[in-house]
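# Survey of secondary and tertiary structure
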Amino acid sequence: MLVVVCPGQGAQSPGMLAPWLELPVVAESVDRSSRTAGLDLRAHGTTSDADTIRDTAVAQPLLVASALASLRAVLEVDADSPLGTAAAGVVGATAGHSVGELAAAAVAGVLTDDEALALVAVRGAAMARAAASTPTGMNAVLGGDPDEVLAALAAHGLVPANVNGGGQVVAAGPLDALAAFAAAPPARARVVPLQVAGAFHTQVMEPAVAELRAAADGITPGDPVVPLLTNSDGTVVPDGARALALIVAQVANPVRWDLCQETLLALGVTGLLEVAPGGVLTGLARRTLPGIETVAVKTPADLDAARDLVRRHGAASASASEGTTANTQEQPS
């Protein structure tokens, strides 16, 4: 059973789209995404520097566009065909980390590519504005006893904004509280400041939630044709309306990627494909999902390995997907 996962903010790097744009399907998909998002994603993915693509309003549309275009290349689906329809035949489940949820929603058929890009443009710009209003930030906390780490965060008034599994937690909150925590971290824990604009996935982002909800109200989502996991608690969402509501609310709530990975184990996933710019989620999977084969798609050189993974693990995913979708539709939303 194959799962497709979509990376979140921080995975971007300067020039990451340059080799991809030589593929017609990727170039067409990125250009279409640029028109929808109102940004020159071709330029941001090739010539923009690290500071430019670190801007939340740029990084988020760039990441979603890259994820969707690279999956089209893997599945050999043209830029105008519904991605969810193609994925339904081979993908047993999908999930995205933070902003990657919007890409995953398109993989699942809940959103079209255009709807995902329109929403991520609003999301990125709104989160950038919310971050600019209050001096906050985020620190990665690596290692340490999980209970001790969470207790120390609470003592400093910080929020575990991302619980990623594999000994990774991301703390978010006021800059002075982050500095105090970093100065006296829990035993065996290492603290790494993150280059982000503010405390994402906390109440600081509530103004962005309101903006994104207003944009989402104009969309009629489809029900998932591929089981879609939510960052809120790792469960499979029962329908498109619930999926979209959770994606909106998630902007100001913690990402529970650890729970998403637990669900993938319970579903019996055997192969994990991380679309471009892959690497981060694959690294987590190797530490927390023993026995699951992984492929991270970073450049077109990874396409052969990705397609081979799809051929070997995707064959059983269609029937597994149908069973999972049927089971979730029986649950109350």
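Please read all numbers here as calculations on a predicted model, not as lab measurements.

The rules behind these values
Residues numbered from 1 in each chain as written. Predicted model: local features only at pLDDT ≥ 70, side-chain atom pairs only at ≥ 80, totals over all residues. Heavy atoms only, no water. Helix = DSSP H or I, 4+ residues; strand = E, 2+ residues; numbered from the N terminus. Rg over C-alpha atoms; globule rule 2.2 N^0.38 Å. Buried < 20%, exposed > 50% of the residue type's maximum accessible area, 1.4 Å probe, protein only. Contact = heavy atoms within 4.5 Å. Areas by Shrake-Rupley, 256 points an atom, 1.4 Å probe, with all protein chains shown as cover. Salt bridge = Lys/Arg side-chain N within 4 Å of Asp/Glu carboxyl O. Core = buried A, V, L, I, M, F, W, Y, C linked by side-chain atoms within 4.5 Å. Pairing = 2+ DSSP bridges. Right-handed = clockwise from strand over helix to strand, strands pointing away. pLDDT = per-residue confidence, 0-100. Axes fitted to C-alpha atoms, helices over the stretch in contact; angles between N-to-C directions.

Here the focus is the overall build of the chain. For the chain, the helix and strand inventory stands at 15 helices and nine strands. A globule of 333 residues ought to have a C-alpha radius of gyration of about 20 Å, and the chain, at 19 Å, matches this closely. In terms of its C-alpha atoms, the chain occupies a principal-axis envelope of roughly 50 × 40 × 40 Å. Counting over 333 residues, the chain shows a buried share of 53%. In the chain, the share of contacts with a sequence separation of at least 24, taken over all contacts with a separation of at least 6, comes to 75%. Accessible surface computed for the chain: about 12,600 Å², of which carbon and sulfur atoms make up 54%.

Right, let's talk about helix α6 (residues 100–107) for a bit. For α6, the tally of buried residues reaches eight of eight residues, placing the bulk of the element in the interior. Where α6 is concerned, the buried positions are G100, E101, L102, A103, A104, A105, A106 and V107. Looking at the residues trailing α6, positive phi occurs at G109, about 85°.

Note on pairing: side chains with opposite charge can pair once their charged atoms come close. Applying the stated rule across the entire model yields 10 salt bridges. The partner of D114 in a salt bridge is R32, with the nearest N and O atoms 2.9 Å apart. With D114 in helix α7 (residues 113–132) and R32 in helix α1 (residues 24–37), this residue pair connects regions lying 82 residues apart in the sequence. Take D114: its relative accessible area is 27%, and that puts it in the partly exposed class. Relative accessible area serves as the criterion here: at 27%, R32 is assigned to the partly exposed category. When the shortest N-O distance is used, the salt bridge between R129 and E211 registers 2.5 Å. Placement of the pair is R129 in helix α7 and E211 in helix α10 (residues 206–216), with a sequence separation of 82 residues. Given the relative accessible area of 47%, R129 is considered partly exposed.

The subject of this paragraph is the nonpolar core. Ranked by internal contacts, the top residues of the largest apolar core, which has 81 residues, are V64, L68, L71, V74, L111 and L273. Counting residues per element, this core draws most heavily on helix α4 (residues 56–75), at 12 residues. Counting 18 residues, the second largest nonpolar core, distinct from the first, contains V5, L229, V236 and L264.

The next thing to look at is the pairing of strand β8 (residues 271–274). Side chains G271 and L273 project from β8 onto one buried face, and the interleaved L272 and E274 project onto a second face that is buried too. Note: strand β1 (residues 2–6) against β8, four bridges, orientation parallel. Within β8, the residue paired with V4 across the bridge is L273. Here β8 pairs with strand β9 (residues 293–296) via four bridges, running parallel. Among the inter-strand pairings, E274 is bridged to a residue of β9, identified as A296. On the question of chirality, the crossover connecting β8 to the parallel β9 by way of helix α13 (residues 280–288) is right-handed.

On to the confidence of the model for the chain, then. Averaged over every residue, the pLDDT of the chain is 93; the share at 70 or more is 94%. pLDDT under 50 marks residues 323–333. Its contacts with residues more than four places away, or in other chains, come to 13 contacts.

The next subject is the side chain of S98. Within the element layout of this structure, S98 appears in the loop between β2 (93–96) and α6. In contact with S98, not counting residues within four places along its chain, are R123, H201, N231, Q250 and V255.

Bringing the sheet that holds β1 into the picture now. Across the sheet, which stays open at both edges, the four strands sit in the order β2-β1-β8-β9 with parallel pairing between neighbours. In this open sheet, the two edge strands, each paired with only one partner strand, are β2 and β9. Between one strand axis and the next, the sheet turns through 20° on average, direction left out of account. When β1 meets β2, the two strands line up parallel, connected through four bridges. When the bridges of β2 are listed, C6 appears paired with G96.

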